[in-house]
Amino acid sequence: MKKQNSNERTVKRFSKAFIISHWVNAFAFFALYITALPLYTDFFNWLYPVFGGPELARLLHRIFAVLFIVPLFLLIIFDFAGFKNWAKNILKWEKKDFQFLMAFPKEFFLGKSKVPKQDFFNAGEKLNSLLTIMCTLMLIGSGFVMWFPGAFASGVVQWAYPIHNIGFGLALAVVVGHIFLSIGHPNSKASMRGMTKGDVPISYAKEHHGVWYDEMVKKGEIKEEKDKSKGA
């Protein structure tokens, strides 16, 4: 992994609201996962005393379910521009995005691979966001039915349980993949900096989010990063 120069120029990528929303959502997901284990199978009944009993475990699960939804509203209220940029980016799919997905395995396992310039969010981040949205809708929708079963037909309630389980399984797979890439990828240090401090090295932006980098240079928000290998 390339060591990052502490004096390297950086550019802001995420706002504090975006960062807080991300980590609150992550905390809520894992809190939901842990509180759901004894509710899902008797194998984890030993966790009930930790939560204060079955009823308190259910209450905590519902509290964390509400917390799981809160980050979206935090982002809309405190960083609507960032929310719009995220929504616009993840729904914008072009040829370069599919080319990125095709080339990514080679880049990840064999080193660098030639990929087309990417947007503010690259194709992998777009795919992760879309899968997360799908899983979240499954979990929230089915969870709401399970929370208020009396308000729905028995058939709807019966379907809510398997949908909730499937949504959870898919969400866990997405989260595990997301964490693995956040830690194991050669560029994880720079990307993690963006989600903790809010800024990323300009060289990282140029190499991994070229379209966004070009836009910032064109607007005069940053100076063009020159190729040092050419003695510039």
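Residues numbered from 1 in each chain as written. Predicted model: local features only at pLDDT ≥ 70, side-chain atom pairs only at ≥ 80, totals over all residues. Heavy atoms only, no water.

Trainee: Before we go on, may I ask you to explain the overall build of the protein in this structure?
Mentor: Along the protein, the regular secondary structure elements total 10 helices and 2 strands. In sequence order, the secondary structure elements of the protein are arranged as β-α-α-α-α-α-α-α-α-β-α-α. Looking at the 232 residues of the protein, the share that counts as buried comes to 34%. Sequence separation of 24 or more characterises 67% of the internal contacts of the protein that already satisfy a separation of 6 or more. (Helix = DSSP H or I, 4+ residues; strand = E, 2+ residues; numbered from the N terminus. Buried < 20%, exposed > 50% of the residue type's maximum accessible area, 1.4 Å probe, protein only. Contact = heavy atoms within 4.5 Å.)

Trainee: Sorry if this is basic, but what is going on with the pattern of salt bridges here?
Mentor: Where side chains of opposite charge bring their charged atoms close, a pairing between them can arise. Under the criterion given, the structure shown has 9 salt bridges. For E94, the salt bridge is made with K96, and the minimal N-O distance between the two is 2.4 Å. The partner of D119 in a salt bridge is K126, and the shortest N-O contact between them spans 2.9 Å. Judged by relative accessible area, which is 0%, K126 ranks as buried. A single salt-bridge network, built from bridges that share partners, covers K92, E94, K96, D97, D119 and K126. (Salt bridge = Lys/Arg side-chain N within 4 Å of Asp/Glu carboxyl O.)

Trainee: What exactly am I supposed to notice about a nonpolar patch on the surface here?
Mentor: A cluster of nonpolar residues, I69, L72, F73, I77, F78 and I140, forms a patch on the protein surface that exposes about 590 Å² of accessible area. In terms of residue count, the dominant contributor to the nonpolar patch is helix α3 (residues 54-78) (5 residues). Among the secondary structure elements, F78 is positioned in helix α3. (Patch = residues over 30% accessible without salt bridge, like charges linked within 9 Å, V, L, I, M, F, W, Y side chains within 5 Å. Areas by Shrake-Rupley, 256 points an atom, 1.4 Å probe, with all protein chains shown as cover.)

Trainee: What is the right way to look at the packing of aromatic side chains in this model?
Mentor: Both the distance between ring centres and the angle between the ring planes are used here to describe each pair of aromatic rings. Taken as a whole and assessed by the stated rule, the structure comprises 17 aromatic pairs. On the basis of an interplanar angle of 85° and a centroid distance of 6.2 Å, the ring pair of F144 and F152 is categorised as edge-to-face. The class for F144 is partly exposed, based on a relative accessible area of 47%. A cation over an aromatic ring shows up here: R13 above the ring of F120, its NZ or CZ 4.9 Å from the ring centre. Here the guanidinium or amino end of R13 rests over the ring plane of F121, the centre of that ring lying 5.5 Å away. (Phe/Tyr/Trp six-rings, centres within 6.5 Å; stacked < 30°, edge-to-face > 60°. Lys NZ or Arg CZ within 6 Å of the ring centre and 35° of its normal.)

Trainee: So what exactly am I meant to see when it comes to α3 here?
Mentor: Each α-helix winds once per 3.6 residues, and so residues spaced three or four apart point in a common direction. Spanning 25 residues, α3 covers 36 Å between terminal C-alpha atoms, matching the ideal 36 Å at 1.5 Å per step. Residues of α3 that are buried include every one of A57, H61, F64, F68, P71 and L75, and no others. On its buried side, α3 packs onto α1 (16-40), α2 (48-51), α4 (80-90) and α6 (123-147). (Expected span 1.5 Å × (residues − 1).)

Trainee: Would you mind showing me how to read α4 here?
Mentor: Those residues of α4 that fall on the buried side of the exposure criterion are G82, F83, W86, N89 and I90. Taken down its axis, α4 places every buried residue within 135° of arc, on the same side. In α4, the exposed residues that point more than 90 degrees away from the buried face are A81 and K88. (Arc of directions from axis to C-beta.)

Trainee: Sorry, what's going on with the packing of α1 against α3 here?
Mentor: Helix-helix packing is characterised by the crossing angle of the two axes and by the distance between the axes. Packing of α1 against α3 leaves a shortest axis separation of 8 Å and a crossing angle of 165°. One way to sum up the angle between α1 and α3 is to call them roughly antiparallel. In this structure, α1 meets α3 at a crossing whose hand is left-handed. Of the residues that constitute the contact of α1 with α3, the class distribution is 20 nonpolar, 4 polar and 1 charged. (Axes fitted to C-alpha atoms, helices over the stretch in contact; angles between N-to-C directions. Parallel < 35°, antiparallel > 145°, perpendicular 65-115°, else oblique. Left-handed = near helix turned anticlockwise from the far one by under 90°. Nonpolar A, V, L, I, M, F, W, Y, C, P; charged D, E, K, R; others polar.)

Trainee: Would you explain the environment of V211 in this entry?
Mentor: Its location among the elements puts V211 in helix α10 (residues 210-219). The exposure class of V211 is partly exposed, given its relative accessible area of 22%. Taking C-alpha positions, V211 is 7.2 Å from F120, a pair spaced 91 residues apart along the chain. Among residues more than four places away in sequence, those in contact with V211 are K96, K117, Q118 and D119.

Taken by themselves, the reported measurements are silent on function.
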